[in-house]
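Structural overview for review
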Amino acid sequence: MTYEDVASFAQTWGLVIFVAVFVVIVAYAAWPKNKKSFDEAARIPLDEDRKTNSDRSNGRDQE
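In this report, the structure presented in the accompanying data block is examined. As the structure is a computational prediction, the values presented were derived from the model and not from experiment.

A word on the overall build of the protein chain
For the protein chain, the count of helices and strands is two helices and zero strands. In the protein chain, buried positions account for 3% of the 63 residues. Put simply, the protein chain shows about 6000 Å² of open surface, and 63% of that area lies on carbon and sulfur atoms.

A few points about a nonpolar patch on the surface
Residues F9, W13, V16, I17, V21 and I25 make up a contiguous nonpolar surface patch of roughly 610 Å² in combined accessible area. Along the chain, I17 turns up in helix 1 (residues 3-30). We classify I17 as exposed; its relative accessible area is 53%.

Structural notes on the packing of aromatic side chains
Considering all chains together, one arrives at two aromatic pairs under this definition. On the basis of an interplanar angle of 50° and a centroid distance of 6.3 Å, the ring pair of F9 and W13 is categorised as tilted. Here F9 pairs with W13, and both are found in helix 1, just four residues apart, close to one helical turn. With a relative accessible area of 54%, F9 lands in the exposed category. Here the aromatic rings of Y28 and F38 are separated by 5.8 Å at their centres, their planes lie at 90°, and the arrangement is edge-to-face. Here Y28 is found in helix 1, whereas its partner F38 is found in helix 2 (residues 35-57), with ten residues between them in sequence.

A word on the pattern of salt bridges
Summed over the entire model, instances satisfying the criterion amount to one salt bridge. With a shortest N-O distance of 3.1 Å, K35 and D39 are connected by a salt bridge. In this pair, K35 and D39 both sit in helix 2, four residues apart, roughly one turn of the helix. Its relative accessible area of 38% is what places D39 among the partly exposed residues.

Rules and cut-offs
- Residues numbered from 1 in each chain as written.
- Predicted model: local features only at pLDDT ≥ 70, side-chain atom pairs only at ≥ 80, totals over all residues.
- Heavy atoms only, no water.
- Helix = DSSP H or I, 4+ residues; strand = E, 2+ residues; numbered from the N terminus.
- Buried < 20%, exposed > 50% of the residue type's maximum accessible area, 1.4 Å probe, protein only.
- Areas by Shrake-Rupley, 256 points an atom, 1.4 Å probe, with all protein chains shown as cover.
- Patch = residues over 30% accessible without salt bridge, like charges linked within 9 Å, V, L, I, M, F, W, Y side chains within 5 Å.
- Salt bridge = Lys/Arg side-chain N within 4 Å of Asp/Glu carboxyl O.
- Phe/Tyr/Trp six-rings, centres within 6.5 Å; stacked < 30°, edge-to-face > 60°.

Keep in mind these values describe shape, not function.
Set out below in structure tokens:
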């Protein structure tokens with residue numbers, strides 16, 4: 001087995017594995033069952049921002 005044979009095999013199967021993993025990740029992200037948890041995670045920065053703003057309005061900004 002030569003270097004070219006090994007390199008060709010690795011490139012071909014590396015691409016196949018990469019595409020398969022990509023498809024699995026996209027399917028996981030698009031699966032309807034996961035929508036609620038992704039929506040909750042997307043709101044975390046907004047919820048923290050709201051808490052920070054309410055703390056400032058309550059006078060807790062003084063350090």
